[in-house]
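Below, each chain spelled out in residue letters.
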Amino acid sequence: MNSEILFTALVVAIGLERVAELALSRRNAAWSLTRGGVEYGRGHYPPMVMLHTGLLVGALTEVWMRRPDVVAVLAWAMLTLVAASQGLRWWCIATLGRRWNTRVIVVPGAPRVISGPYQWISHPNYVAVVIEGLALPLVHAAWGTALVFTALNGFLLATRIRTEDAALTRLA
């Protein structure tokens, strides 16, 4: 089986995982909103969805059109980072429980989560996003996608983190 097909299977698996995340996110967002949750930063959400979709589509497009040579050591190292980023992401989801979703929704009176990965870093899920955004395309040497996503994601995350920090400050 050629490496492009294997890479495509990996990206499709990540895409299916994202669909599962979105279903869970919608359920959890509804739970938070029924408890008086307030959403912040709606304006940056559509570009975030487009960027994350673009990561998957861009990586596949670059790999199938350019058919880059894959260095096995790089591919395995990046695949390890992709797996680690998924583990960190799901640790964040498990730690936040029903309060996790892909939007910024704050439930008044709910205590700030400071357990799990949140005991060491304020935004561990974004660490997972940064690692995955760089590593996933590099599993198959899609350097262009990795660099473009990382740059655009940096701008978007700056906005997202400011929004989230401001919303969480309102909790205190």
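Here, every reference points to the structure presented above.
All chains use their own residue numbering, which begins from 1 and follows the written sequence. Only residues with pLDDT of at least 70 are given local features in this predicted model, and only at 80 or more are side-chain atom pairs given and counted; all residues enter the totals for whole chains, interfaces and linings. The basis for the side-chain values is all heavy atoms of the structure; hydrogens and waters are excluded.

I tried to follow the packing of aromatic side chains on my own but got confused; where do I start?
Pairs of aromatic rings are described using the distance from one ring centre to the other and the angle between the two planes. Between rings of Phe, Tyr and Trp, where Trp is taken as its six-membered ring, a pair exists when centres lie within 6.5 Å; planes separated by under 30 degrees are stacked, by over 60 edge-to-face, and by other angles tilted. Under the defined criterion, the tally for this structure stands at one aromatic pair. Relative to Trp-120, the ring of Trp-91 lies with its centre 6.0 Å away and its plane at 55°, an arrangement referred to as tilted. Within this pair, whereas Trp-91 is found in helix α3 (residues 72–96), its partner Trp-120 is found in the loop between β2 (104–106) and α4 (124–138), the two being separated by 29 residues in sequence. According to the relative accessible area criterion, Trp-120 is exposed, its value standing at 64%. Ring-over charges, as used throughout, are those where CZ of Arg or NZ of Lys falls within 6 Å of the ring centre and within 35 degrees of the ring normal. One Lys or Arg, Arg-103, reaches over the ring of Tyr-45 and ends 3.8 Å from the middle of that ring. Secondary structure counts use DSSP, requiring at least four H or I residues in a row for a helix and at least two E residues in a row for a strand, with both numbered from the N terminus. Remark: exposure states derive from per-residue accessible area (1.4 Å probe, protein chains only) relative to the maximum for the residue type, with buried under 20%, exposed over 50%, and partly exposed in between.

Honestly, the pattern of salt bridges in this entry has me stumped. Any pointers?
Charged atoms that come close allow side chains of opposite charge to pair. What counts as a salt bridge is simple: a side-chain nitrogen of Lys or Arg found within 4 Å of a carboxyl oxygen of Asp or Glu. Scanning the model with the defined rule gives nine salt bridges in all. When the shortest N-O distance is used, the salt bridge between Glu-132 and Arg-18 registers 2.4 Å. Highlighted residues: Glu-132 in helix α4 and Arg-18 in helix α1 (residues 3–34), separated in sequence by 114 residues. By relative accessible area, Glu-132 is classed as buried at 3%. For Arg-18, a relative accessible area of 15% translates into the label buried. Of the charged contacts, one joins Glu-132 and Arg-89 as a salt bridge, the two residues approaching to 3.4 Å between their closest N and O atoms. Of this pair, Glu-132 sits in helix α4 while Arg-89 sits in helix α3; the two residues are 43 residues apart in sequence, bridging distant segments of the chain. One network of salt bridges, in which partners are shared, links Glu-17, Arg-18, Glu-21, Arg-89 and Glu-132.

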